[in-house]
Every structure is written in structure tokens, then in C-alpha cells.
Amino acid sequence: MSQRTIIHMDMDAFFASIEQRDNANLRGKPVIVGGAQYSRGVVATASYEARTYGIHSAMPISKAKQLCPKGIFLPVNMKKYKEVSKEIHDILEKYSNIIEPISIDEAFIDINNRDPIFIGRKIKDDIWQELRLTSSIGISVNKFLAKLASDVNKPNGFTIIKEEEKLKFLCPLPVSKIWGVGPKTKKELNRLGIYTIGDIQSYDEKVLINLFGKRGKEIFEFANGVDNRPVESQNMSQSLGEEETFEEDIDDIDLLLKKLAEYSFNLSQKLKLNGYLIKTITVKVKYYDFSIETRTISLTIPTNDSSIIFETSKYILTSKFKLSKKIRLIGLSISNFIYPKDPIQLSINL
Ligand code: TTP
Ligand code: MG
């Protein structure tokens, strides 16, 4: 594969920075956003001033108040943040049509063979000039490294990891920095004496594959800075989907429904972020023998609602499939996109 250049952009203390931008009295102060209806009494984010007190996302508001009684606590104004997110997206679109938003404040940008430093700087400057917000930019040869790069010099970072530097950069990082290595896999790796990404680099790939199957191969590849995943631009003209192959073939309906619920939630978030509604929902099942079945339903009323997407997919799965064999993979996709002229039709709740 020829060498690619990927940019990852992540806004700094996103919700808190917007509040500080819009109210000069908050600048330079510990600002904590959260506690309102969406965040169930936890911190959504904290300004970098507040982080010096040890406050971070997902911490209970009560704990944050103990750590910093003089902090300024603000509710989540999701409508405003989503508007800013759209403005950021409009800036990114000036520089590439291959953009993959992965949350409200971050995106991958594939810039093909154009000058990454020039484009990265332009994006950062435009976001500052037009929106008075700082972002952190990471540039590298793939998504995994670009995302790590944007994170290392936050806030207001601009970091490049070159192909020839990647192994050295990765070496000292903890294994938890690898995509998909959560607390459980981390524990298992630690049990093998593997703590850093460097430990994986010098481990035998075959042993990892024996122990973890195809995940072992992925872990080894990430550790060596190999990641061939494309930037998946959300060109909403066709379809958007999620699927997962199970570690073992299954016939547990509850697990299948759990997957559909998870996909519905993720897909609904992407729709809401991009302002689209959909009319068509498709469920795909691949059986242990690799045979594939798909079933589709079209809705009369377009939606972006995760529970409608889930209930429809549940109906499809339970009424339109035989499910007589063990299942290897389940997928959910949505298509037939509509961009409503009247944005009030859209639910603003994430
Ligand atoms: P992040 O990019 O993870 O955090 P951040 O932008 O606030 O700070 P950083 O400089 O470290 O990137 O998340 C973006 C926004 O998403 C964040 O401002 C608030 C929201 N969010 C939550 O509501 N809950 C969470 O647990 C996290 C992590 C983020
Ligand atoms: Mg951020």
C-alpha cells in the first residue's frame, strides 16, 4: 500500500472552550460543564484550568465540587455545541471531501497526496480565525497514529509522526493506547508481562495470535504502527452501517439484540451530527457457514431516532429471519437519506 497521510483534528476542552469564548468572565478560570439533563450528574468536560485540580470527564459533579469549590459549574448546552460542530465541519470540507467525523469535536481527514503541514495549519488557523477556538492536530501515516499525534501535545497541539519515527514514538506508551485494548485485554497482556507498546513490538506475533486470535494480529499490527483502515467519509448519499464478527459463532438472541441496540445508538448519533434522517433499515446476518441473509424495511416517516431504528431492526431480526443456524456476524445499515429543509424536524438530543 502506498503511503497515506491522515490528519486527525480534536478540539480542546470543547464544551468548556465554547463557554469561555462566549463569556469573557470565564476565561482563565476553572470551568466545568456538565450536570445537566444529558450528563446525569457527571462532568462532560472541564477547562484546562479546572483539570489542574484533577477534574476530568465522567467524574461525578459532586466530586468535582469537592476538588474545586471555586469552580464555575455550567449546564450542557448541546444545541450550541452542535452548531459549532457543524461550523467546524464546514471548515474541514474546504480542505477535503474525505472526512470522517468520529465524535462531536473530532474528525479524520484524508488529504491524499497534498501537503499535510500546509493543510493542517490552514485547518487550525481557520478554526481559530473563524470560531476563536483552539484545536489539536495530529498528522501521520494512518488513523491510529494520527489520533495519538493529536493527543500528545494538547491543548493547541500540532504534531507530526513520520513513518520512520513511528516505532520509537509508540514504544514507551502503555498498551491501553492501542485501539480496542480496554481494561480486560490490558489485564491479560499485563499477565504476560506486556505493559508497553514496545513490549508488544518485541513479542512473537504468532504467540499473540494463538492467545487472542485475530485480535492478537490487530494488536501486533497497531503496536508496530500498521493500520490500513480507510477514512470513511460520511457521504450520506448511499448507506451507513455497522457490523461485527463474533469471536465465536452464537445463537444467543439477547446478544444479537444488544448488538443491534449498540449499532442503532451509534448510527443515530452520526445522523444527528450530520443533520440527516433515514427511511430504510437493513439487517444482515452471516451464518457460521458464511452464507449471508439480509432483510430490509422502509419506514413511512423518516427518522434519526435510535429507539425507532432499534425497534425496527429488532422486528426485522425476530420476524424476518429463520435464525436456524449459528451466527458469525450481525450488521445493521441505514440508507435512503433525507436532509430535512426544516431543521426543527430534527431532535436535538444526542
Ligand atoms: P473530548 O474530545 O474527549 O474532550 P475535550 O474536547 O473536552 O477535551 P480534550 O482537549 O482533551 O480533547 O470530548 C469532546 C466533548 O465531548 C467534550 O468537550 C464533552 C463531551 N464529552 C462528554 O460529554 N462526556 C465524556 O465523557 C467525554 C469524554 C466527552
Ligand atoms: Mg476534544
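Starting from 1, residues in each chain are numbered consecutively following that chain's sequence as written. To read the labels, note that chains go from A and ligands from 1, taken in the order they are written. A pLDDT threshold of at least 70 governs which residues receive local features in this predicted model, and a stricter bar of 80 or more applies before side-chain atom pairs are shown or counted, although totals over entire chains, interfaces and linings include all residues. Each side-chain value is worked out from all heavy atoms of the structure, with water and hydrogens disregarded.

As recorded by an unreviewed UniProt entry, the protein carries the name DNA polymerase IV and is attributed to Tissierella simiarum. Under the heading Sequence similarities (unreviewed entry), UniProt records this for the protein: "Belongs to the DNA polymerase type-Y family." For the protein, the Subunit (unreviewed entry) comment in UniProt is given as "Monomer." UniProt positions are given in the numbering used here, feature names are shortened, and annotations may be inferred rather than shown by experiment.

To continue, consider the packing of aromatic side chains. The aromatic pairing rule takes the rings of Phe, Tyr and Trp, using the six-membered ring of Trp, and pairs them if the centres are within 6.5 Å, calling planes under 30 degrees apart stacked, those over 60 edge-to-face and the rest tilted. Taken as a whole and judged by the stated rule, the model has four aromatic pairs. When the centroid spacing of 6.0 Å and the interplanar angle of 55° are considered together, the rings of phenylalanine 14 and phenylalanine 15 count as tilted. Here phenylalanine 14 matches phenylalanine 15 in class, with each residue buried. A connected cluster of aromatic rings, assembled from ring pairs, spans Phe14, Phe15 and Tyr81. Remark: a charge is flagged as sitting over a ring if the NZ atom of Lys or the CZ atom of Arg is within 6 Å of the ring centre and within 35 degrees of the ring normal. The ring of tyrosine 48 carries arginine 51 above its face, with NZ or CZ at 4.1 Å from the centroid. Between lysine 325 and the ring centre of tyrosine 287, over which it is positioned, the NZ or CZ distance is 5.0 Å. Summary of the burial criterion: residues with accessible area below 20% of their type's maximum are buried, those above 50% are exposed, and those between are partly exposed, where the area comes from a 1.4 Å probe applied to protein chains only.

Bringing the UniProt feature "active site" (unreviewed entry) in the protein into the picture now. In the numbering used here, UniProt assigns the feature "active site" (unreviewed entry) to Glu106. Working definition: helices are DSSP H or I runs of at least four residues, strands are E runs of at least two. Numbering for both runs from the N terminus. Along the polypeptide, glutamate 106 turns up in strand β6 (residues 106–110). Residues in contact with glutamate 106, not counting those within four places in the same chain, are His8, Met9, Asp10, Glu100, Pro101 and Lys147. For the purposes of these results, a polar contact is taken to be a pair of N or O atoms within 3.5 Å, where, inside protein, one atom must be able to donate a hydrogen and its partner to accept one; residues adjacent in sequence count only when each atom of the pair is a side-chain atom. A polar contact of 2.8 Å, which involves the side chain of glutamate 106, links it to the side chain of histidine 8. Contacts are assigned to residue pairs with any non-hydrogen atoms lying within 4.5 Å of each other.

It is worth spelling out the site of ligand 1 at this point. In this text, near means that some heavy atom of the residue lies within 4 Å of the molecule or strand in question. Neighbouring ligand 1 are 13 residues, the closest being Ala13, Thr45, Tyr48, Arg51 and Asp105. In the environment of ligand 1, an oxygen atom lies 3.0 Å from a nitrogen or oxygen atom belonging to the backbone of phenylalanine 14. A distance of 2.8 Å separates an oxygen atom of ligand 1 from a polar atom in the side chain of aspartate 105. What sets the accessible areas is the Shrake-Rupley method with a 1.4 Å probe; for residues, cover comes only from the shown protein chains. In isolation ligand 1 offers 550 Å² of accessible surface; the protein chains occlude 69% of this area. Taken together, the elements giving at least two residues each to the shell around ligand 1 come down to β1 (6–11), α1 (14–22), β3 (43–46) and α2 (48–51).

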